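# Inside the fold
Here is what each chain is made of, one letter per residue.
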Amino acid sequence: MPAADAALSPVPFFTQAASFDRAWPDVRAHLLDVLDRGKFSHGAKVGELERALARWTGARHAVAVNSGTDALVLLLRAAGLAPGDEVVVPAYSFLATASAVELAGGVPVFADIEAGAHGLDPDTADAAVTARTRAIMPAHLFDRLADLRGLAAVARRRGVTLLEDSAEAIGMRLDGRHAGLLGAGGVLSFFPSKTLGAIGDAGAVLTDDDALADAVRALRHHGRRGATLDDPAAISAATVLPGVNSKADDVQAAVLLAKLARLDADLARRAELAARYDARLRGVPGVRRVPGDAPVHPGGNRVVYVYLVEVDDRDALAAHLAARGIGTEVYYPVPLPLQPCFAHLGHRPGDFPRAEAACAAALALPLYPDLPDAAADRVCDEIERFYLGRAR
Ligand SMILES: *Cc1c(COP(=O)(O)O)cnc(C)c1O
């Protein structure tokens, strides 16, 4: 498209339309497989996806379920969470990090994030541990792992289980070990906008623990042990646990298999775009710090799921961009302890100052493999125009 048009065309916060143009021959082949077989729930394509995910992440088990949220709930239940057990979670994350704990019968206990980073702070997590604490569950947000070494040390010292909300963290590794595998288990979300996105909802539990994986396999299928419906010999008729229906969908598995084959290239393109944003936005007045200038924890890598800047006058900047056809999102708008659904826990503004400050300043910019360089440049032009225009 001519440069003049590119300069004016809208920049959606997220779309994966173009990635289907590229991946279509593979998507089609996997989908035809599913259609020919005629099994659309918990079938052979789901089994194929689980094996491919296990290979890609190095997990002993990848157990596919129908969302990242279900993966968290089933992970917590499979890890043996008992009614009233406490789980220490970050005050700043997606809602599901904490709501999954309540859905699994536990009590979320919030702890603040690190100064200058978005992960659960090991010292505040340590201070939140009580005699009822069963687990610590950090979330790995946006482009890096939480301080897993520090958090694993706290979990070890306090004798509690380390679980990971690694829903956003496909590709993130500590010393080569994939997110979700540093403690007892973790999850992946395949919500469409995630780094590996389906065309609907899907998720998975990752673990190296055979018993935990078996328990999740049972819980996702009404409490029955076994692999997939295409392998009936492996499905026991005996209901061993009160389970739910969180079977994964073969159509989503087909799409995910095709996209998994392109994941390394997609991650490289994400890194390229993030570096482009970093270079353009570094030093722009009003942009407090670009993500690339914040160090990752030792042994960790940087994998950009969300490109999140902290800025002055966030809401005014978002409105300026929206008026020019540029989509942004606020990750996350309200600290979890102040969400109405957790009002019964009795927290007040001021209890988690770092989480509150992050919520007030965070703005996510468009970043996905199909975003053209010119679109990222246009976003940067408008951000500069906003702040420089006001500085005059
Ligand atoms: C996306 C996400 C989830 C939930 O995943 P869904 O597949 O949308 O249910 C949980 N935790 C975090 C941190 C997430 O980003």
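Scroll up for the structure.
Residues numbered from 1 in each chain as written. Predicted model: local features only at pLDDT ≥ 70, side-chain atom pairs only at ≥ 80, totals over all residues. Heavy atoms only, no water.

## Regarding the side chain of R217
With respect to the helices and strands, R217 occurs in helix α8 (residues 210-219). The exposure class of R217 is buried, given its relative accessible area of 16%. In terms of polar contacts, R217 uses its side chain to reach the side chain of D214, at 3.1 Å. (Helix = DSSP H or I, 4+ residues; strand = E, 2+ residues; numbered from the N terminus. Buried < 20%, exposed > 50% of the residue type's maximum accessible area, 1.4 Å probe, protein only. Polar contact = N/O pair within 3.5 Å; in protein donor to acceptor, adjacent residues only side chain to side chain.)

## Regarding the packing of helix α4 (residues 68-78) against helix α5 (residues 96-103)
The geometry of α4 relative to α5 is characterised by a closest axis approach of 9 Å and an angle of 45° between their N-to-C directions. With respect to α5, the element α4 is oriented oblique. The two elements α4 and α5 cross, and the hand of that crossing is right-handed. In contact with T69, L72, V73 and L76 of α4, α5 contributes A96, T97, A100, V101 and L103. Considered class by class, the residues forming the contact of α4 with α5 number seven nonpolar, two polar and no charged. (Axes fitted to C-alpha atoms, helices over the stretch in contact; angles between N-to-C directions. Parallel < 35°, antiparallel > 145°, perpendicular 65-115°, else oblique. Left-handed = near helix turned anticlockwise from the far one by under 90°. Contact = heavy atoms within 4.5 Å. Nonpolar A, V, L, I, M, F, W, Y, C, P; charged D, E, K, R; others polar.)

## Focus on the sheet that holds strand β11 (residues 307-311)
The three strands lie next to each other as β10-β11-β12, forming an open sheet whose pairing is antiparallel. Across the chains shown, the open sheet's two edge strands, defined by having one partner strand only, are β10 (287-289) and β12 (362-365). Sheet twist, expressed as the mean angle between neighbouring strand axes with direction ignored, is 50°. Pairing analysis gives four bridges linking β11 to β12, with the strands arranged antiparallel. Among the inter-strand pairings, E310 is bridged to a residue of β12, identified as A362. (Pairing = 2+ DSSP bridges.)

## Describing the state of the cysteines
Scanning the entire structure with this criterion turns up zero disulfides. Take C341: it sits in no disulfide, and the sulfur closest to it among the cysteines is that of C359, at 13 Å. (Disulfide = S-S within 2.5 Å.)

## Notes on the nonpolar core
The biggest cluster of nonpolar side chains holds 49 residues, and the ones touching the most others in it are L76, Y92 and Y331. At the level of secondary structure, the elements contributing two or more residues to this core comprise β1 (61-65), α4, β2 (86-90), α5, α8, α12 (353-361) and β12. Top element by residues in this core is α4. It accounts for seven residues. Counting 47 residues, the second largest nonpolar core, distinct from the first, contains V160, L188, A204 and L263. (Core = buried A, V, L, I, M, F, W, Y, C linked by side-chain atoms within 4.5 Å.)

## Comments concerning the site of the ligand
Residues in contact with the ligand amount to 16 residues; listed here are only the nearest, T69, D165, E168, S189 and K194. Here an oxygen atom of the ligand and a side-chain polar atom of E168 are 2.7 Å apart. Take the shell around the ligand: its biggest share by element is three residues, from α4. (Near = heavy atom within 4 Å.)

## Some points on unusual backbone geometry
Residue Y332 is reached from Y331 by a cis peptide bond, and omega for that bond is -5°. Checked against the element boundaries, Y332 lands in the loop between α11 (314-323) and α12. The phi angle at F142 is positive, at roughly 75°, despite the residue not being glycine. Along the chain, F142 turns up in the loop between β4 (133-136) and α7 (148-158). Residue class for F142 comes out buried when judged on its relative accessible area of 2%. Non-glycine residue D313 carries a positive phi angle of around 50°.

## Thoughts on the sheet that holds strand β8 (residues 185-189)
Strand order in the open sheet formed by seven strands is β1-β9-β8-β5-β4-β2-β3, and the pairing between neighbours is mixed. Both edges of this open sheet fall to β1 and β3 (107-111), since each of them pairs with a single strand only. In this sheet, neighbouring strand axes are inclined to one another by 30° on average, regardless of whether the strands run parallel or antiparallel. On top of the sheet, α4 reaches β1, β2, β5 (161-164), β8 and β9 (203-207); it is set at about 165° to β8, its chief contact. Packing of α8 onto the sheet brings it into contact with β1 and β9, and relative to β1 it is tilted by some 15°.

## Digging into the packing of helix α2 (residues 17-37) against helix α3 (residues 44-57)
At their nearest, the axes of α2 and α3 sit 10 Å apart, and the two run at 145° to each other. Contact with α2, carried on its side by H30, D33, V34 and R37, involves A44, K45 and E48 of α3 and no other residues of that element. For the contact of α2 with α3, the per-class residue count stands at two nonpolar, one polar and four charged.

## A word on α2
Where α2 bends most, at A23, the angle is about 75°, and the proline P25 comes one to four residues later. Turning to α2, its buried residues number three or more, namely S19, F20, A23, V27, H30, L31 and V34. Buried residues along α2 sit against α3 and α9 (250-260). (Bend = angle between axes of the 7 residues up to and from the residue.)

## Considering the pairing of β11
Consecutive side chains along a regular strand alternate between the two faces of the sheet. Most of β11 is tucked away: four of the five residues are buried. The sheet contact formed by β10 and β11 spans two bridges and is antiparallel. Pairing of V287 across the sheet is with V311, part of β11.

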